[in-house]
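Chains, contacts and geometry: an overview
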Amino acid sequence: MKFTDGFWQLRDGVTPVYAQEAYDVEAGDGTVTVTAPGAVIARRGDTLNRPTLTVTLHSPMPNVIGVRVEHWQGARAERGFALATEDAPVEVIVDDESGMLRAGDLVATVRRGAPWSLTFSAGDTVLTSSGRKSLAHMTVAGDGTYVHEQLALGVGELVYGLGERFGPLVKNGQTVDIWNADGGTSSEQAYKNIPFYLTNRGYGVLVDHPGHVSYEIGSESVERVQFSVPGESLEYYLIYGPTPKQILERYTALTGRPATVPAWSYGLWLSTSFTTAYDEATVTSFIDGMAERDLPLSVFHFDCFWMREFNWCDFEWDPRTFPDPEGMLARLHGKDLRVSVWINPYIGQRSPLFAEAAAAGYLVRRPDGDVWQWDMWQAGMGLVDFTNPDATRWYQDQLRRLVAQGVDCFKTDFGERIPVDVAYFDGSSPERMHNLYTQLYNEAVFEVLQEARGAGDAVLFARSATTGGQTMPVHWGGDNTSSYESMAETLRGGLSLAFSGFGFWSHDIGGFEGTPDPGVFKRWTAFGLLSSHSRLHGSDSVRVPWAFDEEAVEVTRRFTTLKLRLMPYLFAAGQEAALRGTPVMRPLQLEFPGDPAVDHLDRQYLLGGDLLVAPVFSPADVEFYLPAGTWTEFFSGEQVEGGRWRRETHGFDSLPLYVREGAVLPLGGRDDRPDYDYREGLTLAVYPGPDTTRTVTVTTPEGEVAEYAVTRSGDALRASGPEAHPFTLRDVATGRTVASSGGRAEL
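Residues numbered from 1 in each chain as written. Predicted model: local features only at pLDDT ≥ 70, side-chain atom pairs only at ≥ 80, totals over all residues. Heavy atoms only, no water.

**Description of the layout of surface pockets**
Condition: Lining residues are defined by having an atom within 4 Å of a point belonging to a cavity or pocket. Those points lie on a 1 Å grid over the protein atoms alone, cavities being sets where a 1.4 Å probe fits but cannot get out and pockets being open sets with protein on both sides within 12 Å along at least five of seven lines. Grid points are joined across faces, edges and corners, and a volume is the space filled by probe spheres set on the points. Strands here are runs of E lasting at least two residues and helices are runs of H or I lasting at least four, both read from the DSSP assignment and numbered beginning at the N terminus. Polar here means any residue outside two lists: the nonpolar Ala, Val, Leu, Ile, Met, Phe, Trp, Tyr, Cys and Pro, and the charged Asp, Glu, Lys and Arg; Gly therefore counts as polar.
Estimates place the volume of the largest pocket at around 610 Å³. Lining the largest pocket are 26 residues, with Tyr569, Glu576, Gly609, Asp610 and Arg694 positioned closest to its centre. Listed by contribution, the elements that provide at least two residues to the lining of the largest pocket are helix 10 (567-580), strand 41 (664-667) and strand 43 (692-699). Ranked by residues supplied to the lining of the largest pocket, first place goes to helix 10 with 8 residues. The class makeup of the residues in the lining of the largest pocket is 10 nonpolar, 7 polar and 9 charged. Considering the residues around the second largest pocket, the lining is formed by 20 residues, among which Thr4, Phe7, Lys133, Ser221 and Arg224 are closest to the centre. Elements that contribute at least two residues to the lining of the second largest pocket include exactly strand 2 (9-10), strand 3 (14-18), strand 14 (144-152) and strand 20 (224-230). A breakdown of the residues in the lining of the second largest pocket according to their chemical character gives 8 nonpolar, 7 polar and 5 charged.

Here it is as C-alpha cells:
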C-alpha cells in the first residue's frame, strides 16, 4: 500500500505520525523499550498533544530479534502466528548513546535522539536499518489506520519469498499484498501468502500479522522494503543467517518445521480429474491401464464428484456411481494403492449436514447472527467455523468416517475465499482470519490423519496456506493452464514457496485448465516426476498418458522409474527438510549464494543438494546455467565444467539433469514402488570430485538408518557400510563397479 505521492509528498487524505527520535530508551528483562514521539522534543511543552510510538525490542531465540511497534496499546490481543521460543541468553545494554539488544550474533541498536535510527548488524556488518521516515503510524481518510516500517535495501540487494508467487522470483520493484485468493497461477494473486522475505544480504524478515500485510519492495521508496498492516500496532522479526539455508533453518525453527511425509507419497498420483465422468469401472480402467503399461502408480485420487453434485461437502460417496465404497476402497488397497479424496471446508445448502451445522452454531455467521452464505462454488454454501472447538470436532468426525472406510489422505482444496463481513465464534478479527483460516482448516484435517496413521504417515494435498502451513505438507501449486508458459510460471511459484519455508511441493502435471498438446504433457511429465511430489490431474480432461500418445507412455515410465530409483536420495532430502527446514526443491540461490549469475534464475532448481534440474519449457531447446565445478550429465555420464551457460536440445525422454561435483548418489534397487527397503540392492554412485570423504545416510520408510562412508583418493574409491546390507560401489567417471564384501568395497 502506497502512502506517498513521490518522494516529497503524501497522498491525499494521509496523515502521518513518523518516529522522529528515540526520546528515551529503557532496559527491561530481556527487552529494550523506546518512546519515539512524532516530533523532536525540544522543550517540555512539545510533549503535549503529541502522539508517540512505543518500540520494544525482544528476542525469542538466538539470531532472531523481534520489534513491536505500538501507537495505542489498549486494543484487545489478537491472533498472531504460533511462534516458538527458546530459553536463550539475551544481552541488553542501555547507555547515554544508545540501547542495544544482542541475540546470538545479531544486534539491534537504537541510537538516542534524532533522527530515528534502528540498526541491525552482525559483527561489523550492517544488515539493514530503519531510518528517518521509516517507522510511522498512518491515518488514511475513509480507510482507517495503519502502521508501517521501512527497512533499507542495499545496492544489489535482492528480495525473495513472500509465499507462492508466480511472477518474477526476485521481488524487487513489486507491490505484494499478503491476502489469500483463488486467482490461478497466471495472476499477481496467490493461494499461499507468507509475510516473510529473505534477501541475499544474510537476513530475513517475518511480519507477525496473519491478516493483510502490504509490501512495497523498492516500489514506493526505491531504497527500502516497506511493509504495513491495518490497526494500531505492528510486530516483525529480523532473522539472521548469514546463509540463505541458515535463514530458513531459523525461520522454520520459529514458525515450525515441515513434517516428515511417508515414502509412499513420493510415488506417482493419478486423479480422476475434476469434471470428467467417472465411476468405479472408469477408475479401475485407469488403474489397470497403468499396470498393463508397466507404469508404477502409488496413489489414486478421487476429485470432487465422488460426492453428489450440490452436496459438497456431505462426505458421502455418491451412491449412483459408487454404491459400494468400502468394497471399492478395499479393492484399490488390494492393488497396493493408497487413496486420496477431495474435500473443502464449505457445506452446500443441499447437504444434509448444512442444517445440522447451522443449528449447532458450527458455521461462520454474519454480525447480525445469520449464517454467512453465498452461491459461488456450491449453492447456498456455508463456511465451517474452525474457531469453534465443537465445530472442529464435528468436521473431524466426518473425516474419521472416511478414514475408517479406507481413505488414506485428503486433498484439502480451497480455504482462500474467506469473507470479512462475518463474526467468528471466538471473536477473532475477520481481517486476521482471512489468511489464518486455512491454517485452522488444514490443522483439523492433518490432526485426523496423524491420529489414524501416526506421525510420519500423515500427508495432505493442500492448496492454500499461510505462515506455519509448511508443518502440514504437501502443497500443490493450484490452477494452472496447459501451456509451456504456465509450466514456467508454476515453477516460479514453487521456488518462491521454497524461499518461504515450505519443504515439499507439487503441481498438476500437464496443467489444470485445458488439454495439453502431447508435447506439453511430455515435458511437464519429466518436470513433475522430478519434483518432490508428482500428480497427474486436470480439469475437464483426463491425464492418463495413453490419452496423448504412445511416447507419452514411454516418457511417463522413464521418469517414474527414475524417481523410484532415486528414492533413497529423495527420502533423505525429505528428512533434511523436516530436520532443518531446507526444501527438497531448492532455488539455486540457496545452494550458490555467492554466484551472482544465479541471482535471478527461476527456470531451474536443485532437487535435493546434488541434482540440478532444468525443465524444458519448449518443444526441444533449453538454456540453463551450471554453477562453477565439474558437473556430470546424469543420463550420459558426460562431464561438463560449470561457471557458464549452456544451450541444449532434448528429446521428450530427456532434459538437463546434472549431478554436482563430488556427489555420492544412493540409488535404490527397485523401480516399481517408492516404499521399499532402500538398503537392499543399494548402489552408491560416486561422481567426479576432489579427494574427500562423504557420509551418506540412508533411512528406510520404517525409520531404520544405515550410514555409508565413501572416500576418494586420486583414482581410488573406498566405501564402508553395514555388513548386513551389501551394496554396490560405482565410479561414474570410469563405469567401474564392485560389490561390497563384509561391509566394504574398493575400486
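**Describing unusual backbone geometry**
Here the amide bond leading from tryptophan 312 into cysteine 313 is cis, since omega sits at 0 degrees, within 30 degrees of zero. Here cysteine 313 lies in the loop between strand 23 (299-302) and helix 3 (325-334). Going from proline 473 to valine 474, the amide bond is cis rather than trans, its omega being 15 degrees. Relative to the helices and strands, valine 474 is located in the loop between strand 28 (460-462) and strand 29 (475-476).

**Some thoughts on the sheet that holds strand 9 (residues 98-103)**
Counted only if it meets this: A pair of strands is treated as paired once DSSP finds two or more bridges between them. Each axis is a line fitted through C-alpha atoms, and for a helix only the stretch in contact is used; angles between axes span 0 to 180 degrees, taken between their N-to-C directions.
Taking strand neighbours across the sheet as the criterion, the 5 strands line up as 8-9-10-11-12 in an open arrangement whose pairing is antiparallel. The two strands at the open ends of the sheet, each matched to only one other strand, are strand 8 (91-94) and strand 12 (125-130). Here the strands of the sheet are splayed against their neighbours by 15 degrees on average, with no regard to which way each runs. Relative to strand 9, strand 8 runs antiparallel, the two sharing 4 bridges. What sits directly across from valine 92, in strand 9, is leucine 101.

**Some words on the pairing of strand 45 (residues 716-720)**
Heads up, the condition is: Exposed residues in this analysis have more than 50% of their type's maximum accessible area, buried residues have under 20%, and partly exposed residues fall in between, with area computed by a 1.4 Å probe over protein chains only.
Judged by which residues are buried, strand 45 turns out to be one-sided: Leu717 and Ala719 face inward and are buried, whereas Ala716, Arg718 and Ser720, on the alternate face, are not. The turn joining strand 44 (residues 705-713) and strand 45, which pair antiparallel and follow one another in sequence, is formed by 2 residues; a positive phi near 65 degrees is taken by glycine 714. Pairing of strand 45 with strand 48 (residues 744-746) involves 3 bridges; the strand directions are antiparallel. Opposite arginine 718, over in strand 48, you have glutamate 746 as the bridge partner.

**A look at the UniProt feature "domain: Glycoside hydrolase family 31 N-terminal" (unreviewed entry) in the protein**
Rule in force here: UniProt positions are given in the numbering used here, feature names are shortened, and annotations may be inferred rather than shown by experiment.
When the UniProt feature table is mapped onto this chain numbering, "domain: Glycoside hydrolase family 31 N-terminal" (unreviewed entry) sits at residues 55-214. Within residues 55-214, the helical portion is 0% and the strand portion 49%, while the C-alpha atoms at the span's ends are 20 Å from each other.

**As for empty space enclosed by the protein**
According to the stated counting rule, one finds 2 cavities of 30 Å³ or more in the structure shown. Here the largest cavity defines a volume of roughly 60 Å³. Along the walls of the largest cavity sit Gly662, Val664, Val686, Tyr687, Gly689, Pro690, Thr692, Arg694, Val710, Thr711 and Arg712, which together make up its complete lining. Contributions of two or more residues to the lining of the largest cavity are made by strand 43 and strand 44.

**What about the pattern of salt bridges?**
Oppositely charged side chains can pair when the atoms bearing their charge come close. Going by this rule: Definition used for salt bridges: Asp or Glu carboxyl oxygen within 4 Å of a side-chain nitrogen of Lys or Arg.
Applying the stated rule across the entire model yields 44 salt bridges. Close ionic contact of lysine 245 with glutamate 591 constitutes a salt bridge, the shortest N to O distance being 2.9 Å. Of this pair, lysine 245 sits in helix 1 (residues 244-255) while glutamate 591 sits in helix 11 (residues 588-591), and the two are 346 residues apart along the sequence. According to the relative accessible area criterion, lysine 245 is partly exposed, its value standing at 27%. A salt bridge links arginine 670 to aspartate 672; the shortest N-O distance between them is 2.8 Å. Among the residues examined, arginine 670 registers a relative accessible area of 35% and is labelled partly exposed. With a relative accessible area of 41%, aspartate 672 lands in the partly exposed category. When salt bridges that share partners are traced, they join Asp182, Asp413, Glu416, Arg417, Arg463 and Asp479 into one network.

**Some thoughts on the nonpolar core**
Short version of the rule: We define a nonpolar core as any set of buried Ala, Val, Leu, Ile, Met, Phe, Trp, Tyr and Cys residues linked to one another through side-chain atoms lying within 4.5 Å. Contacts were defined at the residue level, with two residues in contact if any of their heavy atoms lie within 4.5 Å.
If you look at the biggest cluster of nonpolar residues, it comprises 183 residues, and the most contacted ones within it are Phe302, Trp306, Trp317, Tyr395, Phe410 and Leu530. Once residues lying within four places of it in the same chain are set aside, the contact partners of tryptophan 317 are Phe302, Trp306, Phe322, Pro325, Met328, Leu329, Val341, Leu402, Gln405 and Val407. Counting 44 residues, the second largest nonpolar core, distinct from the first, contains Val34, Ile65, Val69 and Val110.

**Comments concerning the packing of aromatic side chains**
This is how it is decided: Here is the rule: rings of Phe, Tyr and Trp (six-membered ring for Trp) pair when centre to centre is within 6.5 Å. Planes less than 30 degrees apart are stacked, more than 60 are edge-to-face, and the remainder are tilted.
Per the stated rule, a full pass over the model turns up 44 aromatic pairs. Aromatic pair tyrosine 160 and phenylalanine 499: ring centres 4.7 Å apart, planes at 25 degrees, arrangement stacked. Separated by 339 residues along the polypeptide, tyrosine 160 in strand 15 (residues 159-163) and phenylalanine 499 in the loop between helix 7 (484-498) and strand 30 (505-506) bring together distant segments of the chain. The buried category is assigned to tyrosine 160, whose relative accessible area is 2%.

**Digging into the packing of helix 9 (residues 550-565) against helix 10**
Relative orientation of the contacting elements helix 9 and helix 10 amounts to 65 degrees, with a least axis distance of 5 Å. Contact with helix 9, carried on its side by Lys563, Leu564 and Arg565, involves Met567, Pro568 and Leu570 of helix 10 and no other residues of that element. Of the residues in the contact of helix 9 with helix 10, the class split is 4 nonpolar, no polar and 2 charged.

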